[in-house]
Each structure stands twice: as structure tokens, then as C-alpha cells.
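# Secondary and tertiary structure notes
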Amino acid sequence: MMIKKNILLSLLLLLSAQAEEYRRPNIVFIFTDDHAVQSIGAYGSKINKTPHIDRLANEGGIFLNSFCGNSICGPSRASVLTGKHSHKNGFYTNSGGAEFDGSQMTFPKLLQGAGYATALVGKWHLKSDPTGFDYWEIVPGQGSYYNPDFYTSEGQEKSKRYEGYVTDITTDLGLKWLDERDPDKPFLLMCQQKAPHRTWAPNLKHLYNYEDASIPEPPTLFDDWSGRSETLSGHAMGIKDHFIYQWDMKFQERVPFANDFESRLAEPERRRMTAKQQAVWDAYFEPRNAAFLASPPVGDDLVRWKYQRYIKNYLRCIDSVDENVGRVLSYLDENGLTENTIVIYSSDQGFYLGEHGWYDKRWMYEESLRMPFLIRWPEKIRPGTQYKQLLQNIDYAPTFLQAAGLEVPEEIQGESILPVLENPKTNEWRKYLYYHYYEHLTEHGVPRHEGVRGERYKLINFYSNDGLELIDLKTDPLELNDVSDDPIYASVLEHMKDQLEQLRGQYDSPDLEE
Ligand code: SGN
Ligand code: CA
């Protein structure tokens, strides 16, 4: 009897020791800038391959319906950090002078307080200095691709210039910190790439990628924006009319037939290069530019030419991102960290890769509303799992907190995805998500708008100019028709208006400014 009791006791002790020893996972959050899902292999890209990013989907999971709440850089990042929509974290727009209020609750701060070693490298773009990190080293504003400047808590005036390519350097800084960190603590590393943001300056070694390819065009490259709100044709993000030859198209001199809008000073990246770098850059672009100028295409052919030049440079920037994701994954493998590390790949919003005739983002249409979200966590996720739930960037913070065994503060608006990871088919999840873009007719001519997206329908309210737009994603996946006036959709319209009202209440959204 006594023996049995002892065995029971030691078993209990063993179990409780194991429970106490819940090994808090490390978190590596790889976040890029403007990387659209249309250019990720695991999301079915028709235009490129991303073997290293895809590894996360193959060895872990992929969220097929992942979205932002405000498709622009700073605001998306603020939502990631706080788990709240813009109107609750106070960072509404990139334009204007507002800084992110770094004194508020963020998930890195809470992890740091709970004993995590925390670091951030790369792009931040929230104007105020980062808070909640033991170490941070970031690029000023948008940063530069070539020989980039980085600064630390010592201040921007003490920034340091690193020779080389920003995507490699950002990764170098992250891996160096991993080497030097306190090995007794779990860690959070936010590795935030500047790429593939405009002006899409590839690494020299990738300049010849896609050289002989003709990248497939999206079916809506020649969209005329009819059948939807009139405000769409007021955009300034067209492949046809709104590229700057010296920046986006990589010409050194003013192109003779370019108008003033299309002409600016020389490419900002070339100006930063060493003579050696410039020589390699010029050897690629100059002969091709000369051939273009000798017999420039016109009309639709010119649009096609611009699309090819744009998309190839964009994809070359992603080639470097993908390669560097590979470096991070190899580091984890080589250091025995793979099993207990959550690795996420995501990007602050999506991007138009010629769809609707556009580049840039901001609109609530699919290409810019979506964010990639791939997650590997060997202890929780079966390799190759696909999730269909509507994920949003406000869900990241509560997920990380819960994964670290912390309580999720009441004020957080997102939901932890841990229950979804455990039960990929669960139906107990939001059916509608809220969107609100606040910049009004800034650089790319996109008006402010609010909306709701369900699994099938999307309602957009261009509340300052054009009113409502209803889209049936099932019958119209390319989003070419507003059916808000179609009597067949009358009840759907009412239903979606109700959903929007409900979400406004749930999230305590502000009154709309006319
Ligand atoms: C810059 C770009 C824009 C881009 C914004 C916001 N212009 O202003 O094309 O939309 O950043 O991007 S550029 O001529 O300077 O390249 S964001 O990712 O920071 O939101
Ligand atoms: Ca961005």
C-alpha cells in the first residue's frame, strides 16, 4: 500500500514538474512590406516561386483568408503590436504628423515583462522610438535598399551606414542578436524587412532573374473601373499613367515623352550605391533602357512593357526576401531551435500586382486587403494544415500572448488563434471582419472608406464621396461589379449593413467624418 502511494506521489510530482515546465515557445516574426499573396508559391502564385517561405506552409500551416484592418503600413503595424484597430491604438494614417504612442500596451512589452528576450530589426515606420525591446535597430522611415542606414536607441542622428543590401543586412542583425542573446530566456525576434516596397530595387545578384520570362499579366490589367464607384477612376496608382520613369522604371535621364508627373530626379537607390554597385546596376538597365528609347512601345504595349519592368523588379526583391527566410530557418535548424519556435511569415498588407491596372494598396479589394500568414509551430500544427477562418492582424498580439502562457488583456480587440490551431475545422470563429482606411485622397488618390467582409460578400462604404458598393465574391471574384443597386441583392445589402453596424458597435468605432 505504502509503495503504491509513493509511486502515485512521484508520478504526481513528475506531472506537475512537467506542467510547470511548459516550455514557452520562442517567436520569430518575419514581416515584410507590401508582399502580396499573389506572389507566394504556397498561395498559388502564377508568377514566381518562394521555396523557403513555402517551407512554413509545408512544415506548418497557412491561413488562406488572412486580412488587415487598414491597408497601409504604419496602421497595420500598430494593429499588430496592440491587437487593436486604428481607432483604439490611435495610429490611423501614414500621412500627417502623428506618432505611435509607445507608452500603450503592446505584446512585445508584455512578453518582455514576462521574461522574454525581445528584439526588433529592420523597418518600423511608426515615427516614435520602439518600446518593449531589449535591442532594436531600425531603418529611418521607409529605409533604403542600398547601403542602408540603421539607428538604435542612441538616436537617429547616430545612425550607422551598412554597406550591402538591406534584406541581407536586416537578417544579419537578427541572426547576430540570436547568437548573442541570453540563452536561458525564451525569445521574440521581429525581423521586419523593408522589401519589397517601392521603389523595388533588387539585389545586384538577382538582377538577371526572370530575364527571359514574360510574367503572366493579371486578367484585370486593363480594367476600366466601370460598373463600380466612380471614385475608382480618380486613383493615382495606375500601371499606365502613374509610374515615375526615373524611380519605378529605372531610367537615369528624363524620358523625352514622359509628362511632369512621370518625371522626377534620379532613382533614389542608385544615388546611394558605390561606384562598383552602380556599374553592375547600369550594365543591366542601361542597354535595356536604350533599346526601349530607340523604339518605345505605345498604347497597350507600353502598359505591358511597364508591367513587366515593374513586376520583375518586385519579384527580384522577393527572391532576396525568400532567400533570407531560408537563412533564418537554417539558423533555427542548426541551433536546435526549430521544435520550440513559432515562425510566422506575414506582410503589413497586400499589394496590386497589376490587378485593376494598379500598383500600391489601400483599397478594400482583395489584393490589398489580404495579408500572407504562414505559421510553423511543430508542437501544435500538423504539417500542411490549411486554415480557412477569417484571420485579421488584430489577432496576432493575443495569439503570441496566449502562446507564451500569458493572459490576454481585456482591451485587446483581436482573438487568439490557438483554439483554431488546435481545431483547424472549427466553426467557432468570426464570420465578418471590419475594415477602415482613413487617409483621404493622399498620394495615390484613394478615398477613405469603411467596410465589412464576410465569407461571400463585401460591403464598402465610400462615405466621403461615393456611397455604398456591394460585391459578391463568389460570382465575381475579380470584383468588377457593384451589385448594391441590384434588387436581387436587396436582402443581402440589408444584411451586410446590419453586420457593419454590429461590428461598429462591437469595436466601438468612431462616428464617420464626412
Ligand atoms: C511612399 C511611396 C508610396 C506608398 C507609400 C506608403 N511613394 O510614399 O507609393 O504608397 O510610401 O507605403 S515613393 O515614391 O516614396 O516610393 S507604406 O508601405 O509605407 O504604407
Ligand atoms: Ca506597406
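Residues numbered from 1 in each chain as written. Chains lettered and ligands numbered in written order. Predicted model: local features only at pLDDT ≥ 70, side-chain atom pairs only at ≥ 80, totals over all residues. Heavy atoms only, no water.

### Concerning the coordination of the calcium ion (ligand 2)
The criterion, for reference: Counted as coordinating are nitrogen, oxygen and sulfur atoms within 2.8 Å of the metal, or 3.2 Å for Na, K and Ca, while water is not included, which may make sites look incomplete. The geometry test gives tetrahedral to four donors whose angles all lie between 85 and 135 degrees, gives square planar to four donors and octahedral to six donors whose opposite members are over 155 degrees apart with all other angles between 65 and 115, and gives irregular to the rest. Helical segments are the DSSP runs of H or I of at least four residues, strand segments are the runs of E of at least two, and each set is numbered from the N terminus.
Of the protein atoms, only Asp33 (OD), Asp34 (OD), Asp348 (OD), Asp348 (OD) and Gln349 (OE1) coordinate the calcium ion (ligand 2), at distances of 2.2 to 2.8 Å. With 6 donor atoms in place around the calcium ion (ligand 2) and angles of 50 to 170 degrees between them, the coordination shape is irregular. For the calcium ion (ligand 2), the donor residues sit on a single chain with the sequence spacing D-D-x313-D-Q. Of the two residues, Asp33 is situated in the loop between strand 1 (26–32) and helix 2 (51–59) and Gln349 in the loop between strand 9 (341–347) and helix 9 (366–369); the sequence distance between them amounts to 316 residues.

### Notes on the site of ligand 1
Cut-off, in case you're wondering: Whether a residue is near a molecule or strand depends on its heavy atoms: it is near if one of them lies within 4 Å of it. Throughout this description, a polar contact denotes any pair of N or O atoms lying within 3.5 Å of each other; where both atoms belong to protein, one of them has to be capable of donating a hydrogen while the other can accept it, and for residues adjacent in sequence the pair is counted only when both atoms sit in side chains. Only the protein chains shown count as cover for residues, and all accessible areas are computed by the Shrake-Rupley method using a 1.4 Å probe. When residues are grouped by polarity, Ala, Val, Leu, Ile, Met, Phe, Trp, Tyr, Cys and Pro land in nonpolar, Asp, Glu, Lys and Arg in charged, and all others, Gly among them, in polar.
The environment of ligand 1 is made up of 18 residues, and the closest members are Gln142, Asp360, Arg362, Glu443 and His444. Asp34 places a side-chain nitrogen or oxygen 3.4 Å from an oxygen atom of ligand 1. Between ligand 1 and Lys361 there is a distance of 2.8 Å, counted from an oxygen atom to a side-chain nitrogen or oxygen. With the chains in place, 87% of the 450 Å² that ligand 1 exposes on its own is no longer accessible. Each residue belonging to the shell around ligand 1 can be placed in one class, and the counts come to 3 nonpolar, 6 polar and 9 charged.

### Section: the domain arrangement of the protein chain
Heads up, the condition is: The domain limits used here are those given by an automatic or database domain assignment. Whether two residues are in contact is decided by their heavy atoms, any of which lying within 4.5 Å being enough. Summed over both partners, the accessible area (1.4 Å probe) lost when two parts come together is defined as the buried area. Salt bridges are counted wherever a side-chain nitrogen of Lys or Arg sits within 4 Å of a carboxyl oxygen of Asp or Glu.
Each domain of the protein chain was delimited in the assignment, giving domain 1 (23–201 + 318–425), domain 2 (204–309) and domain 3 (437–506). When each unit is reduced to the centre of its C-alpha atoms, the spacing between domain 1 and domain 2 is 29 Å. Taken together, the contacts link 31 residues of domain 1 with 35 residues of domain 2. Considering only the surface of domain 1 that becomes buried against domain 2, Tyr146, Thr199 and Tyr359 emerge as the three largest contributors, covering 24% of it. Linking domain 1 to domain 2 there are 3 salt bridges. The residue Arg272 makes a salt bridge to Asp149 at a minimum N-O spacing of 3.5 Å. At the junction of domain 1 and domain 2, the tally comes to 21 residue pairs in polar contact (both at pLDDT 80 or more). Among the elements that make up the side of domain 1 that touches domain 2, the one with the highest residue count is helix 8 (residues 299–334) (3 residues).

### Some points on the packing of helix 2 against helix 8
The cut-off we apply is this: Angles here are taken between N-to-C directions and fall from 0 to 180 degrees, while the axes themselves are lines fitted to C-alpha atoms, restricted in helices to the stretch in contact. For this classification, under 35 degrees means roughly parallel, over 145 means roughly antiparallel, 65 to 115 means roughly perpendicular, and everything else is oblique.
Taken N-terminus to C-terminus, the directions of helix 2 and helix 8 make an angle of 50 degrees; their axes are 7 Å apart at the nearest point. Taken together, the axes of helix 2 and helix 8 are oblique relative to one another. Judged by residue contacts, Pro51, His52, Ile53, Arg55 and Leu56 of helix 2 engage Val321, Asp322, Glu323, Val325, Gly326, Leu329 and Asp333 from helix 8. The class makeup of the residues in the contact of helix 2 with helix 8 is 6 nonpolar, 2 polar and 4 charged.

### Focus on the nonpolar core
Just so we agree on the cut-off: By nonpolar core is meant a set of buried Ala, Val, Leu, Ile, Met, Phe, Trp, Tyr and Cys residues that side-chain atoms within 4.5 Å join together. Classification of residues uses two cut-offs on accessible area relative to the type maximum, computed with a 1.4 Å probe and protein chains only: under 20% is buried, over 50% is exposed, and between them is partly exposed.
Within the largest apolar cluster, 134 residues are counted, with the highest numbers of intra-cluster contacts made by Phe107, Tyr310 and Tyr314. In terms of residues, this core owes the most to one element, helix 8, which gives 15 residues. Residues in contact with Phe107, not counting those within four places in the same chain, are Val80, Leu81, Leu188, Met190, Ala397, Phe400 and Leu401. Membership of the second largest hydrophobic core comes to 14 residues, among which are Ile394, Val483, Leu493 and Met496.

### Some points on the packing of aromatic side chains
Selection criterion: Think of it this way: a Phe, Tyr or Trp ring, Trp meaning its six-membered ring, pairs with another when their centres are within 6.5 Å, and the plane angle makes it stacked under 30 degrees, edge-to-face over 60, tilted otherwise. Over a ring means this: the NZ of a Lys or the CZ of an Arg is within 6 Å of the ring centre and within 35 degrees of the ring normal.
Counting across every chain of the model gives 41 aromatic pairs. Centroid distance Phe29 to Tyr396: 6.0 Å. Interplanar angle 70 degrees. Geometry classified as edge-to-face. Remark: Tyr396 occurs in helix 10 (residues 396–403) and Phe29 occurs in strand 1; sequence separation between them is 367 residues. Of the residues examined, Tyr396 reaches a relative accessible area of 1% and is grouped as buried. Put simply, the rings of Phe29, Phe31, Phe63, Phe107, Phe373, Tyr387, Tyr396 and Phe400 pair up and form one aromatic cluster. Directly above the ring of Trp247 sits Arg264, whose terminal nitrogen or CZ lies 4.5 Å from the centroid. Taking the ring centre of Trp377 as reference, the NZ or CZ of Lys380 above it sits at 5.7 Å.

### A few points about the sheet that holds strand 13 (residues 433–437)
The condition that has to hold: Two strands qualify as a pair provided DSSP detects at least 2 bridges between them.
Reading across from one edge, 13-14-15-16 is the order of the 4 strands in this open sheet, with antiparallel pairing throughout. Each edge of the sheet is formed by a strand with only one pairing partner; in this case those strands are strand 13 and strand 16 (467–472). Averaged over all pairs of adjacent strands, the angle between strand axes in this sheet comes to 15 degrees, irrespective of strand direction. Two strands pair when backbone bridges link them, and strand 13 and strand 14 (residues 449–453) are joined in this way by 5 bridges, in the antiparallel orientation. Across the sheet, the residue bridging to Leu433 is Arg453, located in strand 14.

### Looking at helix 12 (residues 490–507)
Put simply, the test is: One fewer than the residue count of a helix, multiplied by 1.5 Å, yields its expected span. The directions considered for the arc are those from the helix axis to the C-beta atoms.
For helix 12, built from 18 residues, the straight-helix expectation of 26 Å at 1.5 Å per residue is met to within 8% by its first-to-last C-alpha distance of 26 Å. Of all the residues in helix 12, the buried ones are Val492, Leu493, Met496, Gln499, Leu500, Leu503, Arg504 and Tyr507. Around the axis of helix 12, the buried residues are gathered within 140 degrees of arc, so they sit on the same side. Exposed side chains of helix 12 directed beyond 90 degrees from the buried face belong to Ser491, Glu501, Gln502 and Gly505. The inward-facing, buried residues of helix 12 contact helix 4 (86–89), strand 13, strand 14, strand 15 (457–462) and strand 16. Note on helix 12: the residue one or two positions beyond its end, Asp508, has a positive phi of about 60 degrees.

### What to know about the pattern of salt bridges
Inspection of every chain in the model, using the stated rule, returns 37 salt bridges. Between Asp348 and Arg77 there is a salt bridge, and its shortest N-O distance comes to 3.3 Å. Of this pair, Asp348 sits in the loop between strand 9 and helix 9 while Arg77 sits in helix 3 (residues 73–82), and the two are 271 residues apart along the sequence. One exposure class covers both Asp348 and Arg77, and it is buried. A salt bridge links Arg198 to Glu443; the nearest nitrogen and oxygen atoms lie 3.8 Å apart. Placement of the pair is Arg198 in the loop between strand 8 (187–192) and helix 7 (275–294) and Glu443 in the loop between strand 13 and strand 14, with a sequence separation of 245 residues. Residue Arg198 is classed as buried on the basis of its relative accessible area of 13%. On the basis of relative accessible area, Glu443 is assigned to the exposed category, the value being 53%. In this structure, a network of salt bridges that share partners links the residues Asp34, Asp360, Lys361, Arg362 and Glu439.

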